[in-house]
Every structure is written in structure tokens, then in C-alpha cells.
Amino acid sequence: MKTDHLRVSAPVAAAVAAGQPVVALESTIITHGMPYPENIEMAHSVEGIIRQNGAVPATIAMMDGMMVAGVGGDDLERLAREGHSAAKASRRDMAALLAKGTMAGTTVATTMLIAQMAGIKVFATGGIGGVHRGAEHTFDVSADISELSQTPVAVVCAGAKSILDIPKTLEMLETNGVPVIGYGTDAFPAFYVRDSGYPADHRFDNPEDVAHMLALHWQLGMGGVLIGNPIPAEFALDAEMIELRVKQAITQAEEQGITRKDITPFLLGRMLELTEGKSLAANIALVKHNAAVAAQIAVALAKRG
Ligand code: PSU
Ligand code: MN
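What counts and what doesn't
Residues numbered from 1 in each chain as written. Chains lettered and ligands numbered in written order. Predicted model: local features only at pLDDT ≥ 70, side-chain atom pairs only at ≥ 80, totals over all residues. Heavy atoms only, no water. Helix = DSSP H or I, 4+ residues; strand = E, 2+ residues; numbered from the N terminus. Rg over C-alpha atoms; globule rule 2.2 N^0.38 Å. Buried < 20%, exposed > 50% of the residue type's maximum accessible area, 1.4 Å probe, protein only. Contact = heavy atoms within 4.5 Å. Areas by Shrake-Rupley, 256 points an atom, 1.4 Å probe, with all protein chains shown as cover. Lys, Arg positive; Asp, Glu negative; His and termini not counted. Charge placed at Lys NZ, Arg CZ, Asp CG, Glu CD. Expected span 1.5 Å × (residues − 1). Phe/Tyr/Trp six-rings, centres within 6.5 Å; stacked < 30°, edge-to-face > 60°. Lys NZ or Arg CZ within 6 Å of the ring centre and 35° of its normal. Salt bridge = Lys/Arg side-chain N within 4 Å of Asp/Glu carboxyl O. Core = buried A, V, L, I, M, F, W, Y, C linked by side-chain atoms within 4.5 Å. Axes fitted to C-alpha atoms, helices over the stretch in contact; angles between N-to-C directions. Parallel < 35°, antiparallel > 145°, perpendicular 65-115°, else oblique. Left-handed = near helix turned anticlockwise from the far one by under 90°. Nonpolar A, V, L, I, M, F, W, Y, C, P; charged D, E, K, R; others polar. Polar contact = N/O pair within 3.5 Å; in protein donor to acceptor, adjacent residues only side chain to side chain. Near = heavy atom within 4 Å.

(A) The overall build of the chain, seen in detail. Tallying secondary structure elements over the chain gives 13 helices and 11 strands in all. Against the compact-globule benchmark of 19 Å for 305 residues, the chain has a radius of gyration of 18 Å, which places it among compact chains. The burial tally for the chain puts 57% of its 305 residues in the buried class. A separation of at least 24 residues holds for 75% of the contacts in the chain among residues at least 6 apart in sequence. Roughly 12800 Å² of accessible area belongs to the chain as shown, and the carbon and sulfur atoms make up 52% of that amount. Here the chain carries 24 positive and 33 negative side-chain charges, and the mean point of each set is 4 Å from the other.

Listed below in C-alpha cells is the structure:
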């Protein structure tokens, strides 16, 4: 991959060159997933957790006409303050945003792609995009799924939110050849809830075993891997309350005619308001947990050489 539009920060470049563990972080969660200042506080504390667990954090975004791996300092603050005024960069937006120099949060799909360009194998986030409820009418399936099918990066998440159709999301992951790992669980987690009611494909219980599986997956020339790490029990929310709020949020989205790239940020924002901030606390807790597990997996992968 040849591009003069990729900027890798000095600490991230040094760690990648030395084969040291690095964990990528997405930025749509900063621009479109959480309000300011919780978003910048979350971004800083997640980076701290990755360092405490022995890896180098690399927050990824599009800034000033560049793809950046290792956004920090004033740039991170600028991105967090920009919020919804920044663009949301999915794979197909990248060249247009680079051409215009637009600041953008990168989705899971785009973060995976830039991580791969920068030589980063492990990525931590909150939840992935997937198949939306009603997709049989709207055809709304996140580009995160096709990216997972082709880009060799491991994505540690807390599963998929129930704003999505979880069984259809699992079917699409299967169709696209994406292994769904339950980390310390047999179940596929559902973001605010530890168990979606649907099983993961394979269970692994420690970072070394996950790293072994990843090494083999990539030896076979395959793409992304989804690692579902359930929200810590003390932060999990009530499944019935969440279902009620999701239905309300989806009804409001339909009434307001929200579609395409706006639907996920709209639903995330509504969930936040409808749960009176409970979902924000849960979201922050699960991202921190995912960052710790991702760092441990990156460390185990680096040890394999
Ligand atoms: N799901 C969440 N939180 C998020 C997102 C999804 O629970 O912040 C963000 C991620 O950046 C993800 C993107 O990649 O939304 C998916 O958007 P879409 O559904 O438009 O593909
Ligand atoms: Mn979509």
C-alpha cells in the first residue's frame, strides 16, 4: 500500500518497527458516539489503560487531509470538540475527505483499514456496526462487516448493540467468513448486556490462546476477527429496559426519516437521552474493559514474534 497521506505518530511508528504491541482505537465513538467532554475523558483514559497493560495506543482519525495513526494532544482535543460537525468516515468516504481536508472520525471499517496500513493488528472499540432491524426493507448493513471479511485486524468489542438485528448480524458475519470469538464466554455479547441470547462461534479464555488463533488465521491468509468481550457485570444494564428504549429510538428515527450514515449516530444519541445517561456510563466502562483485553492480546501476539 503506497500513500503519502498516512501519518503515523513517532511512538506508534517506533513500536510497530520494533514489533512491540500496539492497539488501534477508532474515533467515530469520539465524534459521533459520545458528547463532549465525556468523549475526550474516555479517549484519554482508554489510552492510559492500554499503556498500563503494556501496549502503545494509536487513536486513528482523519485530520487536515491525512489519515493519522496516533492522534494525540491538541489534535485529539480538536476532534473531540468538533463532535457531530466532524465527518463520519466510512471506507468509501476516505478519498473524498482526504481531497477536501475534512476532519473525520473513522468508523470501525475505516479504522481497520488505516490500522492495517500502519502495521497494527489489534483494535479496541465499543460496538461494531452490523445489520439494522428492518434491513429486509432498507438493506442497511454496515460496511464494518465487509471490512471484517477482508482486512486482517482483530477487533475487540462488547458485541453489537440491540439497535441492530443481532441474529442477522451474526448470519452476515458467518457469510463473510468472520470468526466470532467469545472472550471468556460462550455467548455473543450484546453491548449493554452480557449475553445476546445467541452463541459465539468459538470461546477462548486468555490472551495467549486468542493470539495463537489469530496467528493461525492470518497464516491462512484470512481477514478480520471479531472478539466479543462482555461488559463487566457491575455495569451491565437491564435487557428489557434497553429493548424498550431501542424500540422508542427506532420509532423516532422512522418518524424523522433518518437514513444511511445518520441512522447509527442518531440511535446512539437517542439511547443516551432515553436512558438518562445510564447508557453512557455503561459505554465508557465497556470500552475501558475492551482496551485492557485488546492490550493483553497485543502483548501476547507480540511475544509470538
Ligand atoms: N456501534 C456502537 N457505537 C459506535 C458505533 C457503532 O455501539 O460508536 C460507530 C462505530 O464507529 C461503527 C459505526 O463503526 O458506528 C457504524 O456505523 P454504520 O452503522 O453507519 O456503518
Ligand atoms: Mn448503515
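So much for the structure itself; the text now carries on.
(B) A look at helix α12 (residues 263–274). With 12 residues, α12 should reach 16 Å at 1.5 Å per residue; the first-to-last C-alpha distance of 16 Å fits that figure. By the criterion of burial, α12 is predominantly enclosed, with 9 of the 12 residues buried. Within the span of α12, buried status applies to Ile263, Pro265, Phe266, Leu267, Leu268, Arg270, Met271, Leu272 and Leu274. Here the buried face of α12 lies against α2 (28–33), β5 (87–89), α11 (239–255) and α13 (278–304). Positive phi appears at Glu276, one or two residues downstream of α12, with a value of about 50°.

(C) Up close: the packing of aromatic side chains. Inspection of every chain in the model, using the stated rule, returns 1 aromatic pair. Measuring from ring centre to ring centre gives 4.9 Å for Phe191 and Tyr192, while their planes differ by 85°; the resulting arrangement is edge-to-face. Over the aromatic face of Trp218 sits the side chain of Lys121, whose NZ or CZ is 4.4 Å from the ring centroid. Over the aromatic face of Phe191 sits the side chain of Lys161, whose NZ or CZ is 3.7 Å from the ring centroid.

(D) Just the pattern of salt bridges, in detail. Inspection of the entire model under this criterion finds 15 salt bridges. As a salt-bridge pair, Asp64 and Arg78 come within 2.9 Å of each other at their nearest N and O atoms. Of this pair, Asp64 sits in the loop between β3 (56–63) and β4 (66–69) while Arg78 sits in helix α4 (residues 73–82); the two residues are 14 residues apart in sequence, bridging distant segments of the chain. The residue Glu136 makes a salt bridge to Lys168 at a minimum N-O spacing of 3.8 Å. Linking Glu136 in helix α7 (residues 135–138) with Lys168 in helix α9 (residues 166–175), this pair joins segments that are 32 residues apart in sequence. A cluster of three or more residues bridged by salt bridges with shared partners is formed by Arg7, Asp64, Asp75 and Arg78.

(E) Up close: the nonpolar core. The biggest cluster of nonpolar side chains holds 110 residues, and the ones touching the most others in it are Leu214, Leu226 and Ile227. Residue contacts for Leu214: discarding those within four places in its chain leaves Ala154, Val225, Ile297 and Leu301.

(F) Broad picture of the packing of helix α10 (residues 207–219) against α13. In contact at an axis separation of 8 Å, α10 and α13 are set at 60° when each is read in the N-to-C sense. The angle between α10 and α13 falls in the class oblique. When the axes of α10 and α13 are compared, the crossing they make is right-handed. Residues Pro207, Glu208, Val210, Ala211, His212, Leu214, Ala215 and Trp218 of α10 lie in contact with α13, whose contacting residues are Gln296, Ile297, Ala300, Leu301 and Arg304. Looking at the contact of α10 with α13, its residues break down into 9 nonpolar, 2 polar and 2 charged.

(G) Main features of the side chain of Ser27. Relative to the elements of secondary structure, Ser27 occurs in the loop between β2 (22–25) and α2. Given a relative accessible area of 0%, Ser27 falls into the buried group. Within the local environment of Ser27, its side chain forms a polar contact with the backbone oxygen of Ile60, the two atoms lying 2.6 Å apart.

(H) Region of interest: the site of ligand 1. Lining the immediate surroundings of ligand 1 are 15 residues, of which Glu26, Lys88, Ser142, Lys161 and Thr264 lie closest. Separating an oxygen atom of ligand 1 from a side-chain N or O atom of Lys88 is a distance of 2.7 Å. Take Thr264: an N or O atom from its side chain is 2.7 Å from an oxygen atom of ligand 1. Summarising the interface, the protein chains cover 93% of the accessible area of ligand 1, which totals 470 Å² for the free molecule.

(I) Quick look at helix α6 (residues 108–118). By the criterion of burial, α6 is predominantly enclosed, with 9 of the 11 residues buried. Burial in α6 covers these residues: Val108, Ala109, Thr110, Thr111, Met112, Leu113, Ile114, Ala115 and Ala118. Directly beyond the C-terminal end of α6, a positive phi value near 85° is found at Gly119.

(J) Geometry of the packing of helix α3 (residues 38–52) against α13. Where α3 contacts α13, the axes come no closer than 8 Å and their chain directions differ by 25°. Of the possible angle classes, the one that applies to α3 and α13 is roughly parallel. As for the relative orientation of α3 and α13, their crossing is right-handed in sense. Judged by residue contacts, Glu38, Met42, Ser45, Val46, Ile49 and Ile50 of α3 engage Leu280, Ile284, Val287, Lys288, Ala291, Ala292 and Ala295 from α13. Per-class residue counts for the contact of α3 with α13 are 10 nonpolar, 1 polar and 2 charged.

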